[in-house]
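Observations on the model geometry
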Amino acid sequence: MNEVDSGSGTPDAVEVAADAVRRLTAAILESRVRGVATPDVSEKISVLADRLEAVAAHPRECVTGKIGTHEGALQRSPVSGPKNPVAIPLRFEQCDDGSSLAHTEFPRQYQGPPGLVHGGVSGLVLDVAMAVANSAAGRAGVTAEMTLRYLRPTPLYTEVTVRGRHVRVEGRKTWSQGTLEVDGETTVVCDGLFITKELAL
Ligand SMILES: CCCCCCCCCC(=O)SCCNC(=O)CCNC(=O)[C@H](O)C(C)(C)COP(=O)(O)OP(=O)(O)OC[C@H]1O[C@@H](n2cnc3c(N)ncnc32)[C@H](O)[C@@H]1OP(=O)(O)O
């Protein structure tokens with residue numbers, strides 16, 4: 001089993017910052033719940049955001065592909081990207097049979113119903129799990145359709161196994177399946193149709 005696009009192994013400054021923002025996000029949610037008033041902290045965070053925005057690349061450069069294309073898609077993905085503060089982040093491994101595999105716990109910021117993972121988040125994660133498996137099979141492409149079946153609730157702060165595998169191909173079409181499992185029980189199944197397309201990964 002190989003880790004997919006795991007980077008150098010030593011977190012760079014962006015990865016360290018992204019991780020700090022993740023901790024900050026969780027802490028902001030918790031402090032809200034406990035009713036902690038934090039005007040001083042809020043101000044400091046806002047100042048930092050202003051500082052970073054002033055030196056960051058303009059978002060338009062990302063849209064036009066001027067920046068970001070040299071980095072692996074998984075490094076900046078909203079699911080697996082260690083450089084993306086929105087990401088959990090998941091570390092995908094490639095199994096010998098070509099399927100993708102990751103283990104994670106979803107923290108509070110991914111909550112839908114109380115104590116449970118948001119269904120849209122499950123879909124997001126499974127889309128990438130299938131894309132990783134497709135890519136390993138030389139079938140990189142874009143998602144055309146996804147059908148999600150929520151069989152059981154997926155709890156927060158509990159180990160979740162994420163799997164993706166490609167099922168069959170026909171011309172440019174690839175059918176794939178992804179699952180979330182908790183304690184050996186499948187909680188979500190996703191069937192996806194992907195259309196092969198050149199991607200700037
Ligand atoms: C390691 C890698 C990690 C990567 C992680 C990132 C993963 C990210 C995954 C995504 O989130 S992708 C973003 C969400 N998806 C999109 O934005 C796709 C938007 N849609 C399109 O770009 C086009 O509609 C699409 C490329 C899917 C199809 O357009 P094309 O003009 O290239 O194809 P065409 O319309 O000729 O259709 C080709 C075949 O696919 C079929 N098809 C296309 N869209 C379909 C659809 N939605 N449902 C069912 N079939 C569909 C179409 O009927 C046809 O079948 P036949 O060959 O049998 O005639």
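This one's a predicted model, so the numbers in the text were calculated from it and none came from an experiment.

The subject of this paragraph is the overall build of the protein chain. Within the protein chain, the secondary structure is distributed over 5 helices and 7 strands. Moving toward the C terminus, one meets the helices and strands of the protein chain in the order β-α-α-α-α-β-β-α-β-β-β-β. Residue pairs in contact within the protein chain that sit at least 24 positions apart in sequence constitute 63% of those at least 6 positions apart.

Moving on: unusual backbone geometry. With an omega of -10°, the peptide bond between Ile88 and Pro89 qualifies as cis. Here the phi dihedral of Tyr157 falls at roughly 50°; this positive angle occurs in a residue that is not glycine. As for its placement among the helices and strands, Tyr157 is situated in the loop between β4 (141-150) and β5 (160-170). Positive phi values are uncommon outside glycine, yet Asp183 reaches one of about 50°. The residue Asp183 is located in the loop between β6 (173-182) and β7 (185-196) in this model. The exposed category is assigned to Asp183, whose relative accessible area is 74%.

The end-to-end C-alpha separation of helix α2 (residues 39-55) is 25 Å, in line with the 24 Å expected for 17 residues at 1.5 Å each. Counting buried residues in α2 gives 0 out of 17 residues, a small share hidden from the surface.

As a further point, take the UniProt feature "domain: Thioesterase" (unreviewed entry) in the protein chain. As annotated by UniProt and renumbered to match this structure, "domain: Thioesterase" (unreviewed entry) occupies residues 115-172. For the annotated span residues 115-172, helix accounts for 31% and strand for 36% of the residues, and the straight-line distance between the end C-alpha atoms is 40 Å.

Bringing the pairing of strand β3 (residues 100-104) into the picture now. Among the 5 residues of β3, 4 are classified as buried, and the element is accordingly described as predominantly covered. Across 2 bridges, strand β2 (residues 93-94) lies against β3 in antiparallel orientation. Within β3, the residue paired with Gln94 across the bridge is Ser100. Between β2 and β3, which follow one another and run antiparallel, lie 5 residues, and Gly98 among them has a positive phi close to 90°.

With that settled, consider helix α5 (residues 119-136). Residues spaced three or four apart along an α-helix face the same direction, because each turn holds 3.6 residues. With 18 residues, α5 ought to run about 26 Å at 1.5 Å a step, and its terminal C-alpha atoms sit 26 Å apart, in line with that. Restricting attention to buried positions, one finds in α5 the residues Val121, Ser122, Gly123, Val125, Leu126, Asp127, Val128, Ala129, Met130, Val132, Ala133 and Asn134. Taken from the residues just after α5, Gly138 is the one with a positive phi, measuring 75°.

Turning to the environment of Val4, a few remarks are in order. Residue placement: Val4 occurs in the loop between β1 (2-3) and α1 (13-33). Those residues in contact with Val4 that sit more than four places away from it in its chain are Leu74, Phe92, Glu93, Gln94 and Val132.

Leu90, Phe92, Phe106, Val125, Val162 and Leu180 are the most contacted members of the largest nonpolar core, which totals 25 residues. In terms of residue count, α5 provides more of this core than any other element does, 7 residues in total.

What surrounds the ligand is a group of 13 residues, the closest being Asp127, Thr143, Glu145, Arg172 and Lys173. Asp127 places a polar side-chain atom, nitrogen or oxygen, 3.2 Å from an oxygen atom of the ligand. Take Thr143: an N or O atom from its main chain is 2.9 Å from a nitrogen atom of the ligand. For the ligand, the protein covers 48% of the area, taking 1,200 Å² as the surface of the free molecule. No other element matches β4, which puts 4 residues into the shell around the ligand. Across the shell around the ligand, the residue classes break down as 6 nonpolar, 2 polar and 5 charged.

Thresholds, definitions, all that
Residues numbered from 1 in each chain as written. Predicted model: local features only at pLDDT ≥ 70, side-chain atom pairs only at ≥ 80, totals over all residues. Heavy atoms only, no water. Helix = DSSP H or I, 4+ residues; strand = E, 2+ residues; numbered from the N terminus. Contact = heavy atoms within 4.5 Å. Buried < 20%, exposed > 50% of the residue type's maximum accessible area, 1.4 Å probe, protein only. Expected span 1.5 Å × (residues − 1). UniProt positions renumbered as here; feature names shortened; annotations may be inferred. Pairing = 2+ DSSP bridges. Core = buried A, V, L, I, M, F, W, Y, C linked by side-chain atoms within 4.5 Å. Near = heavy atom within 4 Å. Polar contact = N/O pair within 3.5 Å; in protein donor to acceptor, adjacent residues only side chain to side chain. Areas by Shrake-Rupley, 256 points an atom, 1.4 Å probe, with all protein chains shown as cover. Nonpolar A, V, L, I, M, F, W, Y, C, P; charged D, E, K, R; others polar.

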